[in-house]
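Okay, here's what each chain looks like letter by letter:
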Amino acid sequence: MKKDLKIYQLPAGCKTKFRSFKKTISESKDKMIDFSDYNIVYEKSDYCFNSLDDIYTKFNVNHPSDFKGHSLSISDIVQIGDEWHFVDSIGFNKLDESHIKKMFCTRCSSIVFKSENQAYSFQCLTCDEDLYSLEVKEKI
Ligand SMILES: [Zn+2]
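Please read these numbers as outputs of a predicted model, since none were measured by experiment. (Residues numbered from 1 in each chain as written. Predicted model: local features only at pLDDT ≥ 70, side-chain atom pairs only at ≥ 80, totals over all residues.)

### Focus on the sheet that holds strand E6 (residues 92-95)
Stage number 1. Strand order in the open sheet formed by five strands is E3-E1-E4-E5-E6, with antiparallel pairing between adjacent strands. The open sheet has two edge strands with one neighbour each: strand E3 (39-48) and E6. Between one strand axis and the next, the sheet turns by 25° as a mean value, whatever way the strands run.
Stage number 2. In this structure, strand E5 (residues 83-87) lies alongside E6, joined through four bridges in antiparallel fashion. By the bridge assignment, valine 87 is partnered in E6 with phenylalanine 92. (Pairing = 2+ DSSP bridges. Helix = DSSP H or I, 4+ residues; strand = E, 2+ residues; numbered from the N terminus. Axes fitted to C-alpha atoms, helices over the stretch in contact; angles between N-to-C directions.)

Written as C-alpha cells, this is what we have:
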C-alpha cells in the first residue's frame, strides 16, 4: 500500500525517551503521550510498504539515505496517513485520541511538534515555521 509516512522521535535527553507505552502513560501527569515533546525525523508522501513490520525493518537495518533519525526504537511514533503507532517494547501500539496530547498552531490549527531550533519551543509543519509558546494553544 501507499500512504503518507511520518516518523517522530523524542530528542536526546528527554526523560520519556526509550520508555514503553505503559510506562510513559502511567508516569505522565495527564496519562497521555505529549506530541509536542517530539521532533519529526522523517516525512514521505505516498510511501510504499506492506506492513508496519516492513517499516520497522526498513528504519532499523536499511535506513533510507534521507532519514535523519536514529534506528526506530521504543518511544518513537510512526504516523501512517491519519493513524498513529507507538513503537513499544514488543511491536507497535496503535494510539487513539485518548492517548494523545496535542498542542495546536494558533495560525493554522495544525498539531505542533518540538522545535529543533533551541530558540523556539514548537514547530508547525503546515506553516513551516518555528513557534514560541504563545503561538500555540491547547484546543482548536
Ligand atoms: Zn501553523
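From this point, things continue past the structure.
### Structural notes on the domain arrangement of the protein
Stage number 1. Here the protein is partitioned into domain 1 (2-101) and domain 2 (104-137).
Stage number 2. Using only C-alpha atoms to locate each centre, domain 1 and domain 2 end up separated by 19 Å.
Stage number 3. Contacts between domain 1 and domain 2 engage eight residues on the former and seven residues on the latter.
Stage number 4. Tallied by class, residues from the side of domain 1 that touches domain 2 come to five nonpolar, two polar and one charged. (Domains from an automatic or database assignment. Contact = placed C-beta atoms within 7 Å. Nonpolar A, V, L, I, M, F, W, Y, C, P; charged D, E, K, R; others polar.)

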